[in-house]
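Okay, here's what each chain looks like letter by letter:
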Amino acid sequence: MTTLTQEHQIGTGDPAAAPAVQVTNLVKTYPHPEDGTFNAVDDLSFEVGVGEVLGILGPNGAGKSTTLEIIEGLQAPTSGSTSVLGLDSQTDNAAMKTRIGVQLQASSYFEYLTLEELLNLFGSFYPKSLAAGELLDKVGLLGKRKALVGQLSGGQAQRFSIVAAMVNDPDIVFLDEPTTGLDPQARRNLWDLIRSINEDDGKTVVMTTHYMEEAEELSHRVAIIDAGKIQAIDTPVGLIGSLATDHSVIFSTQMAVAESVFESLPGVTTVGARVNGTHSYQLGTESPKLTVPALFQLASVRRFEVDDLAVHAPTLEDVFLNVTGRRLRD
Ligand SMILES: Nc1ncnc2c1ncn2[C@@H]1O[C@H](COP(=O)(O)OP(=O)(O)OP(=O)(O)O)[C@@H](O)[C@H]1O
Ligand SMILES: [Mg+2]
């Protein structure tokens, strides 16, 4: 996992330099489908530092795309404000747009233009643009420069949509669920691309995702958003450390052991059992270091064997459950 290095830290460096992104008391109100209105974005405030990767993690309808679209100047806020590198998304819209790259959640491209023609067209909208060949080469699509988007695989199309957001050599790239719907290998490929955009090209990245492991893998900090509000924002390690305390100790036995026997083991907070050929147990513990040796001692006294022992550290999934009271995906 990448860690936040000194120059990524917010507030360090030149005090006069504006943050990459600033969101202040942002509210977006939509008509409610049944009655009245509701806040899809409900008083959000956060900053993204220059050089940082911020992952915005949240379930369907959390307000992720709406937030990004307002920052990108594609939608107006109901109240509050957003700026990019000190340029207001609304009032400095034209200047701001030359500094950002935008990958929308659902991209549709002109059907009858090749990849190369599309990049040239997009590039012509900006005062400064990168060569189509160089961009396509970066994502392994140079051989497809004469292809149409409709002729690309899912992973290739996603890589193209990211590179299409880079034609103007932006300082900040916004990616809205860049890996949704991809198989694990294509997803890992895109992770490498996103990492390289940040680490090699030095661009700030703001991305949304439904995937915990993706947020954890790529982000310097993760914002957990639910119902239009930030529920927590910190480094992945910080979130896990502060919000999810319990490890899980998982094992099975040949013979049934009463659950209550495990409750008195040191560190144990919860005991779960499941019979499925063997007897499987899951112990929540504040201290696997205390629980595991005591478990083996207990086994030797009670004459049962502990099989398939595994210890799981808490994950962002546990943090999400902890702060929102529900799982990210049902
Ligand atoms: N133009 C609109 N009019 C009315 N309601 C809208 C509009 N756009 C979005 N919404 C509602 O606002 C809420 C937030 O939507 P948004 O697209 O920002 O969520 P999201 O977090 O990006 O979700 P997903 O993970 O599904 O992409 C949802 O309840 C959505 O139905
Ligand atoms: Mg969305």
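Just so it is clear, the structure is predicted and the values come from calculations on it, not from any experiment.

Engineer: I'd like to hear about the sheet that holds strand E6 (residues 100-103), residue by residue, with values.
Structural biologist: Taking strand neighbours across the sheet as the criterion, the six strands line up as E6-E7-E8-E3-E9-E10 in an open arrangement whose pairing is mixed. Each edge of the sheet is formed by a strand with only one pairing partner; in this case those strands are E6 and strand E10 (229-234). The sheet shows a mean angle of 15° between the axes of neighbouring strands, direction not considered. Of the strand pairs in this sheet, strand E7 (residues 172-176) and strand E8 (residues 204-209) are connected by five bridges, and their pairing is parallel. Bridge assignment links Phe 174 to a residue of E8, and that residue is Val 206. Across the sheet, helix H8 (residues 236-243) is in contact with strand E9 (221-226) and E10; its angle to E10 comes to roughly 105°.

Engineer: Can you explain the confidence of the model for the protein? Please cite residues and give values.
Structural biologist: Across the protein, pLDDT averages 88, with 93% of residues at or above 70. Within the model, pLDDT remains below 50 along residues 1-15, and this stretch shows 18 contacts once partners closer than five positions in the same chain are excluded.

Engineer: Run through helix H5 (residues 154-164), naming residues and quoting values.
Structural biologist: Given 3.6 residues per helical turn, the α-helix brings residues three or four places apart onto the same face. Here H5 has its buried residues at Gln 158, Arg 159, Phe 160, Ser 161, Ile 162, Val 163 and Ala 164. Considering only its buried residues, H5 is in contact with E6, helix H3 (115-123), helix H4 (132-138), E7 and helix H6 (184-199).

Engineer: Tell me about the domain arrangement of the protein, residues and numbers included.
Structural biologist: The domains assigned to the protein are domain 1 (6-99 + 171-242) and domain 2 (246-313). Spacing between the C-alpha centres of domain 1 and domain 2 amounts to 41 Å.

Engineer: Run through the sheet that holds strand E4 (residues 79-84), naming residues and quoting values.
Structural biologist: A sheet is described by the order of its strands in space; here four strands give the open sequence E2-E1-E4-E5, paired in antiparallel fashion. Each edge of the open sheet carries a strand with a single partner, namely strand E2 (37-48) and strand E5 (87-88). Sheet topology note: the strand E1 (residues 21-31)/E4 ladder contains five bridges and is antiparallel. Along E4, the bridge assignment pairs Val 27 with Ser 79.

Reading guide: rules and limits
Numbering of residues begins from 1 in every chain and follows the order in which that chain's sequence is written. Think of it this way: whatever chain is written first is A, whatever ligand is written first is 1, and the rest follow in order. pLDDT decides what is reported in this predicted model: residues at 70 or higher carry local features, side-chain atom pairs at 80 or more are listed and counted, and totals for whole chains, interfaces and linings draw on all residues regardless. Only strands that DSSP links by at least two bridges are regarded as paired with each other. Helix and strand definitions follow DSSP, with helices as H or I runs of at least four residues and strands as E runs of at least two, each counted in order from the N terminus. To define axes, lines are fitted to C-alpha atoms, for helices over the stretch in contact only, and angles between the resulting N-to-C directions are given on a 0 to 180 degree scale. This entry defines residue contacts through backbone-placed C-beta atoms, with two residues in contact when those atoms are within 7 Å. In predicted models, pLDDT denotes the confidence assigned by the predictor to each residue on a 0 to 100 scale. Whether a residue is buried, exposed or partly exposed is read from the other C-beta atoms within 10 Å of its own C-beta, which are placed from the backbone; 20 or more gives buried, 12 or fewer gives exposed, and intermediate counts give partly exposed. What counts as a domain boundary in this text is fixed by an automatic or database domain assignment.

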